[in-house]
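Results of the structural survey
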Amino acid sequence: MHQEITAAQMLDAFKKDAPGHAADTRWAHTHGLGVLGHFVASDVAREFCIAEPFQGRPIPVTARFSNGSSDPERHDERPDTRGLAVKFHLADAADCDLLSMTLSVFGSTTREDFLDVAAAFVPKPVQPASWIRQHILDPLMLRSPPPPLPPGVTISGGPGLAQYAGSHPFVRAFTIEAGLSQVPVSWARTAYHAVHTFVAIAPDGERRPVRFSWQPVDGVFPVPADQIAAKATDFLTTEMRARLTRSAAQFTLKMAIGDPGDAVNDPSRSWPVTRRTINMGTLFIDRLAEEDQVDVEQLSFNPMRLPAGIEASGDEILRARGEIYQLGCQERRGMGCPLHSGGGSTR
Ligand code: HEM
C-alpha cells in the first residue's frame with residue numbers, strides 16, 4: 001500500500017536547493033517587505049460569498065510582498081516569481097490569509113510529483129540517456145526528447161526543471177511561465193494569483209469552485225530589458241517606500257468561477273480566461289508595517305487559514321501546503337504558526 005508523503009518530507013525536499021539559507025528565515029520567499037492597509041469589498045461580492053471580508057465592512061490587513069527565491073542575498077533586479085501574502089484581520093480577532101504569486105499555475109498535482117520536481121531542481125551530474133530510452137521508449141510514447149546536455153555537467157534549477165518537463169507534461173505550463181518571468185517596475189505593478197481552487201459559499205448555500213487573483217490598479221509594467229542592469233538590488237523596497245508616501249498601492253481582487261469540467265483539484269492546469277469573473281473588492285496598501293512596529297518577517301501566512309464561507313478544494317498540494325507552512329514557521333520560530341489555535345489575532 002502506498003504511504004502518504006509527509007509535509008516534513010516535502011519541506012526537506014525544498015531545503016535541498018537553498019544554499020546559504022540563514023537560520024530563522026523563510027525557506028522560500030525569503031526576502032520581503034511588510035505593509036499594512038485595508039480591503040473593501042465590492043457591492044456584488046456578498047452575493048457570491050458569505051465570508052466576512054466580502055460583507056462590506058473595511059477589513060484591516062497586514063501583507064507581505066516578496067521575491068520567491070530562497071537566496072539569502074536580496075536580488076530585486078533578477079527575474080523571479082514574486083509573492084503577495086495578505087492577512088485579513090476579522091472581527092472576532094481571528095485572521096484569514098490569501099497567498100498568491102506571479103505565476104498562475106503550480107508545477108505539481110500530487111505530493112509524489114512535488115518530490116520529483118524538487119529533485120529535478122537539486123544540482124546533480126547529468127546522466128546520459130540510454131540507447132533504449134532515446135530510440136525506443138521516447139518515440140513509442142510520443143515523448144519529445146529532453147534537450148541534450150553533456151554528461152558530467154552539473155545542472156540545477158531552471159535547466160534541471162526544463163529537462164524534467166520534457167517528459168512530464170504536468171510541469172510544462174509552470175516551467176514556461178517561470179521562464180518568462182520578468183522584473184516588475186514595482187511590487188504594485190504585477191498581477192498575483194492564488195493558483196488553487198477554493199469553494200466559495202453563497203448566501204443561498206450554492207457552493208462554487210473559484211480561483212482568486214489580484215490585478216494591480218496601476219496596470220502591469222515590467223522593467224524594459226535595457227534598463228535592468230541599472231536597477232539596484234533592493235530597488236523594489238525603495239520604490240515601495242517612495243510610492244507609499246504619495247498614495248496607496250491598490251489591487252482588485254478577481255474571483256473566477258469554474259465551469260463544469262474545469263480542473264478543480266489540479267493546480268498545474270489553468271482555466272480558460274473567458275470564465276465568468278467577479279470583482280470582489282479592492283486592496284489598499286497605504287503604509288509600511290514598520291511604521292506601526294509590526295514585524296511581518298516573524299508572521300505566519302498559511303493558505304489553509306480560511307474564513308467561514310471559503311473552503312479548500314480537494315487539491316492535494318493546497319492541503320499539503322497547510323502543514324508545510326505551519327512546520328516551516330515553527331522551525332523559524334515565527335508568530336501565529338498553528339493553523340488552529342482557537343482564534344487570536346497576530347496584529
Ligand atoms: C508544494 C508547493 C509549495 C511549497 C512546498 C511551498 C513552500 C513554501 C515555504 C516553505 C514557504 C515559507 C513559509 C514560512 O516560513 O512561513 C513559502 C512561502 C510562500 N509561498 Fe510557497 N510553497 C509552495 C507553493 C506555493 C504556491 C502554489 C504559491 C502561490 C499561490 C506560494 C506562495 C508563497 C508565498 C507568497 C510565500 C511567502 C509568504 C510570506 O510572505 O510569509 N507557494 N512557500
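Because the structure is predicted, anything quoted here is derived from the model rather than measured.

Moving on, we get to the overall build of the protein chain. When helices and strands are counted, the protein chain shows eight helices and 12 strands. The C-alpha radius of gyration of the protein chain comes to 21 Å, within 12% of the 20 Å expected for a compact globule of 347 residues. Counting only C-alpha atoms, the protein chain reaches 65 × 50 × 40 Å along its principal axes. For the protein chain, the residues scored as buried account for 37% of the 347 residues in total. Long-range pairs, those at least 24 residues apart, make up 74% of the contacts in the protein chain with a sequence separation of at least 6.

Every one of the 30 residues lining the ligand counts as a neighbour, but A28, H29, R64, G83 and G328 are closest to it. Only α1 (7–15), β2 (59–67), β3 (82–89), β4 (95–101) and α8 (316–331) provide two or more residues apiece to the shell around the ligand. Of all the elements, α8 adds the most residues to the shell around the ligand, at seven residues. For the shell around the ligand, the residue count by class is 18 nonpolar, eight polar and four charged.

The next subject is the pairing of strand β9 (residues 207–216). Here strand β7 (residues 192–193) runs beside β9; their pairing, made up of two bridges, is antiparallel. What sits directly across from Y192, in β9, is W214. As paired strands, strand β8 (residues 198–201) and β9 are joined by four bridges and run antiparallel to one another. Counterpart to F198 in the pairing with β9 is V210. Taken together, β8 and the strand that follows it, β9, pair antiparallel across an intervening segment of five residues, in which G205 is found at a positive phi of about 90 degrees. Across seven bridges, the pairing between β9 and strand β10 (residues 249–257) is antiparallel. Bridging across to β10, V210 finds its partner in I257.

A few words now on the domain arrangement of the protein chain. Each assigned domain of the protein chain is listed with its residue range as follows: domain 1 (31–103 + 181–331) and domain 2 (112–176). Each of domain 1 and domain 2 has a C-alpha centre, and these two points are 32 Å apart. Across the contact, four residues belong to domain 1 and five residues belong to domain 2. Counted by class, the side of domain 1 that touches domain 2 contains two nonpolar, two polar and no charged residues.

Close contact between α1 and helix α3 (residues 111–121) brings their axes to 9 Å; oriented N to C, the two are set at 15 degrees. Considering the angle they form, α1 stands roughly parallel to α3. Both α1 and α3 take part in a crossing whose hand is left-handed. On α3, the residues that touch Q9, M10, A13 and F14 of α1 are R111, F114, L115, A118 and A119.

Calculation notes
- Residues numbered from 1 in each chain as written.
- Predicted model: local features only at pLDDT ≥ 70, side-chain atom pairs only at ≥ 80, totals over all residues.
- Helix = DSSP H or I, 4+ residues; strand = E, 2+ residues; numbered from the N terminus.
- Rg over C-alpha atoms; globule rule 2.2 N^0.38 Å.
- Buried ≥ 20, exposed ≤ 12 C-beta atoms within 10 Å, placed from the backbone.
- Contact = placed C-beta atoms within 7 Å.
- Near = placed C-beta within 6 Å.
- Nonpolar A, V, L, I, M, F, W, Y, C, P; charged D, E, K, R; others polar.
- Pairing = 2+ DSSP bridges.
- Domains from an automatic or database assignment.
- Axes fitted to C-alpha atoms, helices over the stretch in contact; angles between N-to-C directions.
- Parallel < 35°, antiparallel > 145°, perpendicular 65-115°, else oblique.
- Left-handed = near helix turned anticlockwise from the far one by under 90°.

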